[in-house]
Amino acid sequence: MEINGKDELKLPLLQPLDGVVVTDKKIKTAKFKVGDISCASCATSIESLLLELNGVESVMVSVLQGQAAVKYIPELITAKAIKDAIEDAGFPADELPGQEIAVCRLRIKGMACTSCSESVERALSLVDGVKMALVGLALEEAKVNFDPSITDINHIVEAVEDAGFGAEVINSGNDVNKVHLKLEEISSEEDIYIIQSYLESVQGVNNVEMDLAEKKVTVSYDPDLTGPRSLISCIEKAGQGPNFYHATLYSPPRQRETERQQEIWMYRNQFIWSCLFSIPEFIFSMVLPMLHPYGNWLDLKVHNMLTVGMLLTWILCSPVQFIIGRRFYVGSYHALRRRSANMDVLVALGTNAAYFYSVYVVIKALTSDMFEGKDFFETSTMLISFILLGKYLEVVAKGKTSDALAKLTDLAPDTAHLITLDEDNNVISDREISTQLIQRNDILKIVPGEKVPVDGIVVDGQSHVNESMITGEARPIAKKPGDKVIGGTVNENGCILVKATHVGSDTALSQIVQLVEAAQLARAPVQKLADQISRFFVPTVVVAALITWLAWFIPGELGIYPRHWIPKGMDKFELALQFGISVLVVACPCALGLATPTAVMVATGKGASLGVLIKGGNALEKAHKVKIVVFDKTGTLTVGKPVVVSAVLFSCFSMEEFCDATTAAEANSEHPIAKAVVEHAKRLRQKFGPQTEHMTDIKEFEVHPGAGVSGKVGDRLVLVGNRRLMEDSNVPIGPDVENHISATENLARTCVLVAIDGKVAGAFALTDPVKPEAGHVISFLHSMGISTVMITGDNWPTAAAIAEEVGIKKVYAETNPLGKADKIKNLQMEGMTVAMVGDGINDSPALVAADVGMAIGAGTDVAIEAADIVLIKSNLEDVITALDLSRKTMSRIRLNYVWALGYNVLAMPVAAGTLFPLAGIRIPPWFAGACMAASSVSVVCSSLLLQYYKKPLHAKRLRLWA
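Predicted model, so just to flag it, every value in this text is computed and none were measured.

**Student:** Any chance you could break down the overall build of the protein chain for me, citing the residues and the numbers?
**Tutor:** Along the protein chain, the regular secondary structure elements total 30 helices and 36 strands. Every one of the 962 residues in the protein chain was classed for burial, and the buried ones make up 51%. Taking all contacts inside the protein chain whose residues are at least 6 apart in sequence as the whole, residues at least 24 apart take part in 70%. Surface accessibility of the protein chain: about 43300 Å² in total, with carbon and sulfur atoms responsible for 56%.

Next comes the structure, spelled out in structure tokens:
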């Protein structure tokens, strides 16, 4: 196999999630709608033709979409010339609109509730050139699609900052592949500029960011054109004479984890500082006055009616109100400036009302020798302290929602063995490098027990690789030259050389992570409820608080309720003010915005760790409504690999001779049927006697395409194949053999005949067996109240037999792909929510037509656009896992809304004083703040319980075993 070259290995293992056109200064991408593409052969013809054109860098043709994406150098060839070349080959072609859409992801800081995320989304949408903006509250990220000819990332970041939030670019367009380098031997700014100019001149480099202070450089590059080691070499070549530059790989700490830790420490420190003031204040104002004579000194007069206690609480409260609580003022300012209201507005209103009324009491006491009033400084400090405690617990809990995703990213190894080969493929050097330095087309050595660092193809050696993290196969998969391997999988035995085909963000593992992150960013339809409530909830709360204050203050002034209702040390105004502040704080809807996104984050992350990739909240919400699951047969209900189910003898040959001859003849064949026959013959041979230590070599081995193989084993001529091979070789087929062939074929099985010296010695019957878990899965689905249907292109007898074996009653056979989609639409017209389970390629029309498309056993092709849910493992039990997880998630979201709204609905009337006249129960403002914090924490903790989700069939087996 050729180690270097432009071939199909450049096709990504995972297709892009959306049709974003990636551009470069030197390379452009043109997309064409191509007609009359009927098969993979047509696509190969177009790719081969275009790759011969001067200036064409790469070509990717999609048979399913009927589209071609061509990367080309505009200085050498035009899009029109490429279009003409396609049409000259006999395929009609139309160039798709060439609008270039760039994508960037931002980390958003300062979002506290749904109102904040909506404000960011609205600010981004108002930027000229922004086509689409998605903001995830729980993920604290934004994904922006924009036209780079109209706006740029700087304007997008400015729009977020103008809205009052912080923004940092995670990646942008081609910047998905980045390398961070530490520069050495740098003595002046001139050296920095020299290095920058050299790097920017390298083809494939998209952006260079220099950090003069730290002497670091971050380079964004196209992995098709360059790589990290090439960039390091470029830096070293930039040095001339006495200036010798050196660069080493620098791995910055994970930004998200670092910022999460910083946020946790910030809230922790703010809470501790607030406690240093609020705890003494609580003791001075609430505890000591009740402990006579220890608190008597607090009543000492400083001047007129101003006491030591008032002065102390004022001094302790002010730093908490204006320094520690500054974030609430800033948040309120930005919210009001954009004509919205959020949690910060409610907290600022409540604490300011308590603080400035207390200041009024202090001033009045200072200037009057008759005034008696009660201050509420402790209300402000306690309220801020409880809110900070709630935010601290919330960010700690939210950090755990992405644990499953972090485990996926940790699967790739840190280092790899880079091999250099000479022209004769002999190893010249072997050195250990960081995985981040691997470039496309590198040759890597994978020794037993090591992880495969990147996606690639085996070029030398044989081994078995454990791919359970992708396919769920318990047994290691045999790998030989030409086979693909996936980054993060484990080499079990044997040493193999692998050519890197996909590195960085193009690896299967990276794209799985990207898919899950995109799913976590997408907004579920059920989230609309929270969005609608949050729009009017805060203004309504402010009005409700004002009405509460008036409802208690006016009747008090008019003497409608008795004087003994007013607690000792308060007057009518103060009682009404406390009720108003309590309503203002307890009704804060910040937990409402966390109800859906935190549950979706945990569910999608948990699903990914179980081999179920759910593409967002929309797929989750649809899946929980499914009433009918439609299954494809081949490769879905069946294994998709032939196995021998029986073996018979027809002549005087012994079973030992029959098995030895078959094994020797088929040992050199790579056909799946041959492998199944050899495996069965070896097992059969062991039953009838000890196997010979050395397998007899076969001579004059010949493959008969579509018929079988032949050759000499010892001095005997052995033929293994179908009826046609026997007839072509003049081997007579007797009546008993003929009857056996007919009976086998009637059971939809394949009959393989073995002839020795011109006589049929025996036969093997092969079938594509039903997956062992298929029957249990169908039965479990029925117990969940979900009906099952099978749609297949196979003949009726085979389809009926498979359906009866697994327990499916309704069958559609001999149906083409478009017919499958029509059958699904007919089921939908009956008012059913339909899920389709298929292999994601032949069944793509049906996957698109279904309400929920599930691609099963997709292996590395996990980005099938037609599917809503991708089941990475080839296990039907994951169909149940996907449906059950969606039900559990939607149930958890509803429970989260109960937690979020329950505090508001139950606590608001109590905070407004409805129980005070009857039972004397009232909620102080500081306690209302604790309730609000508890609401957010309980919602996040409720979502975190999804991390303990267990597969229903697995859990059932454990219970039966117990």
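Once you've had a look at it, read on.
**Student:** Explain the nonpolar core residue by residue, including any values.
**Tutor:** Val629, Phe631, Met854, Ile869 and Leu883 are the most contacted members of the largest nonpolar core, which has 82 residues in total. With 9 residues, the top contributor of residues to this core is helix H27 (residues 877-911). Among residues more than four places away in sequence, those in contact with Ile869 are Val612, Leu613, Ile614, Ala619, Ala623, Val852, Gly853, Met854, Ala855 and Ala882. Ile324, Leu383, Ala911 and Ile923 belong to the second-largest nonpolar core, a separate cluster that totals 45 residues.

**Student:** Break down the packing of aromatic side chains for me, with residues and values.
**Tutor:** Throughout the structure, instances matching the rule amount to 17 aromatic pairs. Centroid distance Trp552 to Phe916: 5.9 Å. Interplanar angle 70 degrees. Geometry classified as edge-to-face. Taken together, the positions of Trp552 in helix H14 (residues 527-558) and Phe916 in helix H28 (residues 916-919) put the pair 364 residues apart, joining distant regions of the chain. Note on accessibility: Trp552 and Phe916 belong to one class, buried. With 5.0 Å between their ring centres and 20 degrees between their planes, Phe658 and Phe764 make a pair best called stacked. Of this pair, Phe658 sits in helix H19 (residues 655-666) while Phe764 sits in strand S31 (residues 759-767), and the two are 106 residues apart along the sequence. Residue classification places Phe658 among the buried residues on the basis of a relative accessible area of 0%. Overall, the relative accessible area of 0% leaves Phe764 in the buried class.

**Student:** Outline the side chain of Ser710, listing residues and values.
**Tutor:** Checked against the element boundaries, Ser710 lands in strand S28 (residues 708-713). Within the structure, Ser710 has its side chain in polar contact with the side chain of His704 (distance 2.8 Å). Not counting residues within four places of it along the chain, the set of residues in contact with Ser710 comprises Ile698, Glu700, Phe701, Glu702, His704, Val718 and Leu719.

**Student:** Account for unusual backbone geometry, naming residues and giving values.
**Tutor:** Trans is the prevailing form of peptide bonds, just as negative phi is the prevailing case for residues other than glycine. If you check the backbone angles, Asn441 has positive phi at about 80 degrees while not being a glycine. The phi angle at Asp757 is positive, at roughly 55 degrees, despite the residue not being glycine. Here Asp757 lies in the loop between strand S30 (750-756) and S31. Under the relative-accessibility criterion, Asp757 is labelled partly exposed at 43%.

**Student:** Hey, could you go over helix H23 (residues 774-783) for me, with residue numbers and the actual values?
**Tutor:** Ala774, Val777, Ile778, Phe780 and Leu781 are the residues of H23 that are buried. Buried residues in H23, looked at end-on, bunch into an arc of 165 degrees, giving them a common side. Of the residues in H23, the exposed ones pointing more than 90 degrees away from the buried face are His776 and Ser783. One or two residues past the end of H23 sits Gly785, with phi positive at roughly 85 degrees.

**Student:** Could you give an account of the pattern of salt bridges, naming the residues involved and the relevant values?
**Tutor:** Within the structure shown, the criterion is met by 16 salt bridges. One salt bridge connects Lys480 with Asp483, and the closest N-O pair in it is separated by 3.5 Å. Ionic pairing is found between Asp884 and Lys888, a salt bridge with its closest N-O pair at 3.1 Å. With a gap of 4 residues between them, Asp884 and Lys888 both fall in helix H27, about one helical turn apart. A relative accessible area of 41% means that Lys888 is categorised as partly exposed. Each of Arg105, Arg107 and Glu141 takes part in a single network of salt bridges with overlapping partners.

**Student:** Help me get a handle on the sheet that holds strand S19 (residues 463-466), residues and values and all.
**Tutor:** Strand pairing in a sheet relies on backbone hydrogen bonds. The paired strands run either parallel or antiparallel. Strand order in this open sheet of 3 strands is S20-S19-S22, and the pairing throughout is antiparallel. With one partner strand each, in any of the chains shown, strand S20 (477-479) and strand S22 (490-493) form the two edges of the open sheet. Direction aside, the axes of adjacent strands within the sheet are offset by 40 degrees on average. Of the strand pairs in this sheet, S19 and S22 are connected by 3 bridges, and their pairing is antiparallel. Within the sheet, the bridge partner assigned to His464 lies in S22 and is Asn493.

**Student:** Outline the sheet that holds strand S11 (residues 216-221), supporting the account with residue identities and numerical values.
**Tutor:** Strand order in the open sheet formed by 4 strands is S10-S11-S9-S12, with antiparallel pairing between adjacent strands. On the outer flanks of this sheet lie strand S10 (205-211) and strand S12 (246-249), each paired with one strand and no other. Each strand axis lies, on average, 30 degrees off the axis of its neighbour in the sheet, ignoring direction. Pairing of strand S9 (residues 178-184) with S11 involves 5 bridges; the strand directions are antiparallel.

**Student:** Pulling in residues and values, what's your account of the packing of helix H8 (residues 308-324) against helix H9 (residues 326-337)?
**Tutor:** Where H8 meets H9, the axes come as close as 4 Å, and the angle between the chain directions of the two elements is 40 degrees. Between H8 and H9, the angle falls in the class oblique. On the side of H8, the interface is formed by Gln321, Phe322, Ile323 and Ile324, while H9 contributes Arg326, Arg327 and Tyr329. Split by residue class, the contact of H8 with H9 holds 4 nonpolar, 1 polar and 2 charged.

**Student:** With reference to specific residues and values, describe the pairing of S19.
**Tutor:** For a regular strand, side-chain orientation follows a simple rule: the groups alternate between the two sheet faces. Of the two faces of S19, the one lined by Ser463 and Val465 is fully buried and the one lined by His464 and Asn466 carries no buried residue. Pairing between S19 and S20: 3 bridges, direction antiparallel. Bridge pairing links Ser463 to Lys479 in S20.

**Student:** Just give me the short version of a negative patch on the surface, but keep the residues and values in it.
**Tutor:** On the surface, a cluster of negative charge is contributed by Asp152, Glu158, Glu161 and Asp162. Of note, Asp162 is situated in helix H4 (residues 153-162). The exposure class of Asp162 is exposed, given its relative accessible area of 51%.

**Student:** Which residues make up the environment of Gly617, and what are the values?
**Tutor:** Looking at the secondary structure, you find Gly617 in helix H17 (residues 617-623). Here the alpha-carbon distance between Gly617 and Thr889, two residues 272 residues apart in the chain, equals 9.6 Å.

**Student:** Describe helix H2 (residues 79-88), with residues and values.
**Tutor:** Residues of H2 that are buried: Ala79, Ile82, Ala85 and Ile86. For H2, the angular spread of buried residues about the axis comes to 120 degrees, placing them on one side. Facing away from the buried side of H2 by more than 90 degrees, the exposed set consists of Lys80 and Asp88. Directly beyond the C-terminal end of H2, a positive phi value near 100 degrees is found at Gly90.

What counts as what
- Residues numbered from 1 in each chain as written.
- Predicted model: local features only at pLDDT ≥ 70, side-chain atom pairs only at ≥ 80, totals over all residues.
- Heavy atoms only, no water.
- Helix = DSSP H or I, 4+ residues; strand = E, 2+ residues; numbered from the N terminus.
- Buried < 20%, exposed > 50% of the residue type's maximum accessible area, 1.4 Å probe, protein only.
- Contact = heavy atoms within 4.5 Å.
- Areas by Shrake-Rupley, 256 points an atom, 1.4 Å probe, with all protein chains shown as cover.
- Core = buried A, V, L, I, M, F, W, Y, C linked by side-chain atoms within 4.5 Å.
- Phe/Tyr/Trp six-rings, centres within 6.5 Å; stacked < 30°, edge-to-face > 60°.
- Polar contact = N/O pair within 3.5 Å; in protein donor to acceptor, adjacent residues only side chain to side chain.
- Arc of directions from axis to C-beta.
- Salt bridge = Lys/Arg side-chain N within 4 Å of Asp/Glu carboxyl O.
- Pairing = 2+ DSSP bridges.
- Axes fitted to C-alpha atoms, helices over the stretch in contact; angles between N-to-C directions.
- Parallel < 35°, antiparallel > 145°, perpendicular 65-115°, else oblique.
- Nonpolar A, V, L, I, M, F, W, Y, C, P; charged D, E, K, R; others polar.
- Patch = residues over 30% accessible without salt bridge, like charges linked within 9 Å, V, L, I, M, F, W, Y side chains within 5 Å.
- Lys, Arg positive; Asp, Glu negative; His and termini not counted.
- Charge placed at Lys NZ, Arg CZ, Asp CG, Glu CD.

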